[in-house]
Amino acid sequence: MEKIQEDNRPPLEYVKGIPIIKYFAEALGPLQSFQARPDDLLISTYPKSGTTWVSEIVDMIYQKGDVEKCRRAPIFIRVPFLEFKGPGIPSGMEVLQVTPVPRIIKTHLPLALLPQTLLDQKVKTIYVARNAKDVAVSYYHFYRMAKVHPDPGTWDSFLEKFMAGEVSYGSWYHHVQEWEKLSHTHPILYLFYEDMKENPKREIQKILEFLGRSLPEETVDHIVHQTSFKEMKKNSMSNYITVPTDLMDQSISAFMRKGIAGDWKNTFTVAQNERFDADYAVQMAGCSLQFRMEL
Ligand code: PPS
């Protein structure tokens, strides 16, 4: 089994101009043969935006709030990660081949790399966006612990790379905007992490409506509780603790790290914040998306 060594964090590879984890870049070729089904549900996000949270919510909805059924397997098996490939672990494509329908599928791919079949089949998609500052901080800690990434370097240098779109999956600014644009022509529910923090029940009800499903109110309340940060952090089927430490070392940083809106304030210096805001205004010029940087 190929192992990732501490000193062997492969550099990102550029595919159609987009930097991506080397192993995932290798998965993109075989992904061409992926066939979407009209009853698939896609969960699309820029990394660190609430993917695992909304994945657990949707699986709980599909299982009608049955906690035991949701404990049947880790989240990355219940909700296969489309472009995933890593040493010693089944690829997303391999997991998908044995996933019962209707499938819930996770991706972080920007549209340039997304298999066309998902668009052709008009697959329903839940997109979750999170404010860029919290994403940058969360991503930095994830780079430190998930060794499929290159070394993040210092926080200051990582932040520069994030602003320049030189991190895995490329530009956050481009990702949130292109998926929003797509939501005008495709069946996409565009959600915000901050709204989910503010009122998870309201956002779960939006998901139910989008999926054309309904559940008794007490089941919805139960899902709100079971998918809270506190519960998911201690749930070994959602906190990624089953992933080998040579891939994800949670002694460096927990996958379920803080789970709040506005944590960036503990990391950004005043100078970094000013520089970020000025650059943000340029990169998001003309975009109607409004992100809340804190609650
Ligand atoms: S990944 O690796 O890109 O799929 O990561 P993703 O799941 O998108 O994002 C991880 C961040 O989401 C936080 N998280 C949650 N926040 C609130 N409530 C719940 N239930 C929840 N589950 C995960 C997780 O802690 C990461 O954010 P940070 O800021 O690092 O804590």
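An account of the accompanying structure is given in this report. (Residues numbered from 1 in each chain as written. Predicted model: local features only at pLDDT ≥ 70, side-chain atom pairs only at ≥ 80, totals over all residues. Heavy atoms only, no water.)

The strand order across the open sheet built from four strands is 4-3-5-6, with neighbouring strands paired in parallel fashion. In this open sheet, the two edge strands, each paired with only one partner strand, are strand 4 (104-107) and strand 6 (188-192). For this sheet, the mean inter-axis angle between neighbouring strands, taken without regard to orientation, is 20°. Here four bridges tie strand 3 (residues 41-45) to strand 4, and the two strands are oriented parallel to one another. Along strand 4, the bridge assignment pairs Ser44 with Thr107. Sitting on the sheet, helix 2 (residues 51-62) is in contact with strand 3, strand 4 and strand 5 (124-129), with an inclination near 165° to strand 3. (Pairing = 2+ DSSP bridges. Helix = DSSP H or I, 4+ residues; strand = E, 2+ residues; numbered from the N terminus. Axes fitted to C-alpha atoms, helices over the stretch in contact; angles between N-to-C directions. Contact = heavy atoms within 4.5 Å.)

With eight of 11 residues buried, helix 9 (residues 172-182) lies mostly within the body of the structure. Trp172, Tyr173, His175, Val176, Glu178, Trp179, Glu180 and Leu182 are the residues of helix 9 that are buried. Where helix 9 starts, the residue carrying a side-chain oxygen 3.2 Å from the main-chain nitrogen of Tyr173 turns out to be Ser171. (Buried < 20%, exposed > 50% of the residue type's maximum accessible area, 1.4 Å probe, protein only. Polar contact = N/O pair within 3.5 Å; in protein donor to acceptor, adjacent residues only side chain to side chain.)

By the secondary structure assignment, Thr45 is in strand 3. Since its relative accessible area comes to 0%, Thr45 is described here as buried. Sequence separation between Thr45 and Leu109 is 64 residues; the distance between their C-alpha atoms is 7.9 Å. Excluding its chain neighbours within four sequence positions, the residues that come into contact with Thr45 are Thr51, Thr107, His108, Tyr127, Val128 and His175. Among the polar contacts listed, one links the side chain of Thr45 to the side chain of Thr51, at a separation of 2.9 Å.

In the vicinity of the ligand lie 22 residues, with Thr51, Thr52, Ser138, Tyr193 and Lys258 positioned nearest. Within the backbone of Lys258, a nitrogen or oxygen atom sits 2.6 Å from an oxygen atom of the ligand. For the shell around the ligand, the secondary structure elements donating two or more residues are helix 2, helix 7 (132-145) and helix 13 (229-234). With three residues, helix 2 is the single largest residue contributor to the shell around the ligand. When the residues that make up the shell around the ligand are grouped by side-chain class, the tally is eight nonpolar, nine polar and five charged. (Near = heavy atom within 4 Å. Nonpolar A, V, L, I, M, F, W, Y, C, P; charged D, E, K, R; others polar.)

This brings us to the pattern of salt bridges. Summed over all chains, the structure comprises 21 salt bridges. The partner of Lys147 in a salt bridge is Asp249, with the nearest N and O atoms 3.8 Å apart. Here Lys147, found in the loop between helix 7 and helix 8 (155-164), pairs with Asp249, found in the loop between helix 13 and helix 14 (270-283); they are 102 residues apart in sequence, far enough to count as distant. Asp249 shares its class with Lys147; the two are buried. Put simply, Glu294 and Lys265 hold a salt bridge, and the shortest N to O gap is 2.6 Å. Note that Glu294 is positioned in the segment after helix 14 and Lys265 in the loop between helix 13 and helix 14, a separation of 29 residues in sequence. Using a relative accessible area of 40% as the deciding quantity, one classes Glu294 as partly exposed. Owing to a relative accessible area of 44%, Lys265 belongs among the partly exposed residues under this scheme. Salt bridges sharing common partners tie together Asp195, Glu198, Arg202, Glu203, Lys206 and Arg292. (Salt bridge = Lys/Arg side-chain N within 4 Å of Asp/Glu carboxyl O.)

Cis rather than trans, the peptide bond between Val101 and Pro102 has omega equal to -5°. Even without being a glycine, Lys16 presents a positive backbone phi close to 50°. Looking at the element boundaries, Lys16 is found in the loop between strand 1 (13-15) and strand 2 (18-20). For Tyr169, which is not a glycine, the phi torsion comes out positive at approximately 80°. With respect to the element layout, Tyr169 can be found in the loop between helix 8 and helix 9. By relative accessible area, Tyr169 is classed as buried at 3%.

Another point: the pairing of strand 5. Counting buried positions along strand 5 gives five out of six residues, so the element sits mostly inside the fold. With five bridges joining them, strand 3 and strand 5 adopt parallel strand pairing. Counterpart to Ile43 in the pairing with strand 5 is Ile126. Of the pairings in the sheet, the one linking strand 5 to strand 6 comprises five bridges and is parallel in character. If you follow Ile126 over to strand 6, its bridge partner there is Leu189.

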